[in-house]
Number of protein chains: 2
Amino acid sequence: MPTAAGDPSEEGRLIAEIETLWEGRSNSGLILAGGDDCAIVQPPADGVELLLATDQIVEGRHFVPDKHPPSALGRKALARSLSDIAAMGGRPLYFLQALCLPQWATGDWHRAFQRGMRELASNAGLAGLALAGGDISGGDSFVASLTVVGCVEQGTAMRRSGARPGDRVYLSGSVGGSAMGLELLLGEAASDLDHPAIRRHCEPLPQLELGRALRSLPASAAIDLSDGLATDANRLAAASGAAILLDSSSVPLFAGARIENAVRSGEEYELLFTLPPGSDPPQGFATTEVGRVDFGTGVWLDTGLGRSRLGPEGFSHF
Amino acid sequence: MPTAAGDPSEEGRLIAEIETLWEGRSNSGLILAGGDDCAIVQPPADGVELLLATDQIVEGRHFVPDKHPPSALGRKALARSLSDIAAMGGRPLYFLQALCLPQWATGDWHRAFQRGMRELASNAGLAGLALAGGDISGGDSFVASLTVVGCVEQGTAMRRSGARPGDRVYLSGSVGGSAMGLELLLGEAASDLDHPAIRRHCEPLPQLELGRALRSLPASAAIDLSDGLATDANRLAAASGAAILLDSSSVPLFAGARIENAVRSGEEYELLFTLPPGSDPPQGFATTEVGRVDFGTGVWLDTGLGRSRLGPEGFSHF
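The rules behind each value
- Going along each chain's sequence as written, the residues are numbered from 1 onward.
- Throughout, the order in which chains and ligands are written sets their labels, letters from A for the former and numbers from 1 for the latter.
- For this predicted model, a pLDDT threshold of at least 70 governs which residues receive local features, and a threshold of 80 or more governs which side-chain atom pairs are given and counted, while totals over whole chains, interfaces and linings are taken from all residues.
- Least-squares fitting of one copy onto the other uses the C-alpha atoms of those residues that reach a pLDDT of at least 70 in both copies.
- Here contacts are defined at the residue level, using C-beta atoms placed from the backbone and a cut-off of 7 Å between them.
- Residue ranges for the domains originate in an automatic or database domain assignment.
- Classification used: nonpolar for Ala, Val, Leu, Ile, Met, Phe, Trp, Tyr, Cys and Pro, charged for Asp, Glu, Lys and Arg, polar for all others including Gly.
- Neighbour density around each residue's C-beta defines its exposure: 20 or more other C-beta atoms within 10 Å make it buried, 12 or fewer make it exposed, and counts between make it partly exposed, where C-beta atoms are placed from the backbone.
- Strands are runs of DSSP state E lasting at least two residues, helices are runs of H or I lasting at least four, and both sets are numbered from the N terminus onward.
- When DSSP finds two or more bridges between a pair of strands, those strands are recorded as paired.

A.B. asks: Could you give an account of the relation of the copies chain B and chain A, naming the residues involved and the relevant values?
C.D. replies: Copy one and copy two of the chain differ by a rotation about a common axis and a shift along it. Each copy of the sequence occupies a distinct position, and chain B is placed on chain A by a rotation of 180° and an axial shift of 0.0 Å, giving an RMSD of 0.0 Å. Each copy turns onto its partner about a two-fold axis. Comparing contact sets, 100% of the residues at the interface of chain B also lie at the interface in chain A, consistent with an isologous, same-surface contact.

So this is what it looks like as structure tokens:
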């Protein structure tokens, strides 16, 4: 029985809308979703571990209400959380959404936001992902917090900490498109939502299948590019206690992007991963060798004219 | 290795603070917490189901920054989520926190907020609850979204929907104190934080042990009073497809509270539950019989002078 039954409040109406929209996405392990204090789910089979991740989309930080279409935001919100599961090679099972909605984010806007999430969840790689619950509140500023529960075979989750000197470094897809799309979207002129860079920014795809393929190789380490190559490569290097040397000319750039912007481009949701010697990247995915792991610390970029340190915030000098 | 390692940003500093504060609260099933894209947890033993719940504390809706002490808010935020686990008779295992923090909510304020949560978690009934991850963002307005993962023996979770005509209705503790405390706290005068009603509002205790005792009876239905007796009794009645008749003079009131305010007093985190005929409430807990379940719909209050309908928003006429 839906939570919304007999609840005439604004919150009740919004919950009823969400429940209708997400009906029919079943997961055989979901025993009770909505309508009670908690969702009840069956734990996965023996020999499987659970993955937990939570992420936010915050008004004014991750988006600008007048510029970002609500469906794109819904997509971004869910992609952001699923990308964490992808980075560890897991399979997403359930998600919960906590929404703080100003008045402008209700009604049509809210329906479009939910539809964006729903569209992403319709992706073939996401069969079995089900909405397990949530919380809705009014508020002065929009915040969506999504929590995802996933699973992975015991002891096989990829971590950031496994890169070793001698490993090669790879990147999926290309980088730079999301920052370029964001700049176009926030610009003075009305945006062409079909522009490739804007689509790149608004329609991210978490690399779940690649993540699972990397886990079975196995890759030695992986991280998703949520905050940009510079920041996330530094996280992987720090967690692994090693240095990462990137070859500037090898980094695959989105059409029209420049390397100095591309390394700071967040919300790419590509995977940066390392492979031990003798291991090749999985077939059927767009991946590029971009460097190697070495002794030392930090991330270094070889520009052909010398080596520059790439800090978490991007280049200090370029 | 902590996420914060090598991360000099404000976010990195806050995460390092949180990790230090929550260190030492272990849960044997927590394989990896923080420092990677997801937390990794061992699923509970065979024959155990998982409970999932998410709840928010929103600035201006659930609290007023100038009035509510930050430690009280931390406590409220965690109590709110744990109370959902209590209502189903479960045991909390892990929680994740997504925090949207304006500048004023960093530094000392944020440390006190975390300490409030940590104090609640130190409660004897919460051994084993561990922080499994989170997300921090800046923002214009404070929002804390907490997600709790709990567990319960297969098929035994109490639901809102199990009340049947003939069952008796019980309430734990008393109601009305939280609303009274909130009114005092928001009043013109500086608040005496030791006032019993203010302490009641600021130091809620989720009824986890009572919840587990009720589950083993078993109780036929249960719900926690997060939004007030009027709202939550209507939710239980609607989910069960039955009417609830409350005896006004039996409802246990916090010292000084009046029934018409007490039924609208949210954030009480007491349990409203129903027992089948022949079943008595568990020993060792403060519980009061407050009415019975009947055929029909809605919630009705017998005032001694007649019967009034108690809508989700409280009394339309009193």
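A.B. asks: Break down the domain arrangement of chain A for me, with residues and values.
C.D. replies: How big an interface is tends to be stated in terms of the accessible area lost upon association of its parts. Residue and element names in this part refer to chain A. By the assigned domains, chain A splits into domain 1 (10–153) and domain 2 (160–315). Distance between the C-alpha centres of domain 1 and domain 2: 26 Å. Taken together, the contact pairs 18 residues of domain 1 with 22 residues of domain 2. The class makeup of the residues in the side of domain 1 that touches domain 2 is 9 nonpolar, 4 polar and 5 charged.

A.B. asks: Can you explain the pairing of strand E10 (residues 271–275) of chain B? Please cite residues and give values.
C.D. replies: Residue and element names in this part refer to chain B. Of all 5 residues that make up E10, 5 are buried, and the element is covered over most of its length. Side-chain alternation along E10 places Leu271, Phe273 and Leu275 on one buried face and Leu272 and Thr274 on a second face that is also buried. In this sheet, E10 lies alongside strand E7 (residues 168–172) in antiparallel orientation, the contact comprising 4 bridges. Residue pairing in the sheet places Tyr170 in a bridge with Phe273 of E10. Taken together, the 4 bridges between strand E8 (residues 221–224) and E10 define a ladder with antiparallel strand orientation. Looking at E10, one finds that Ala221 is bridged to Thr274.

A.B. asks: Summarise the pairing of strand E13 (residues 307–311) of chain B; cite the residues concerned and give the values.
C.D. replies: Two faces, one strand: in a regular strand the side chains alternate between the faces of the sheet. Of the pairings in the sheet, the one linking strand E12 (residues 299–302) of chain B to E13(B) comprises 3 bridges and is antiparallel in character. Residue pairing across strands places Leu301(B) opposite Ser308(B), the latter belonging to E13(B).

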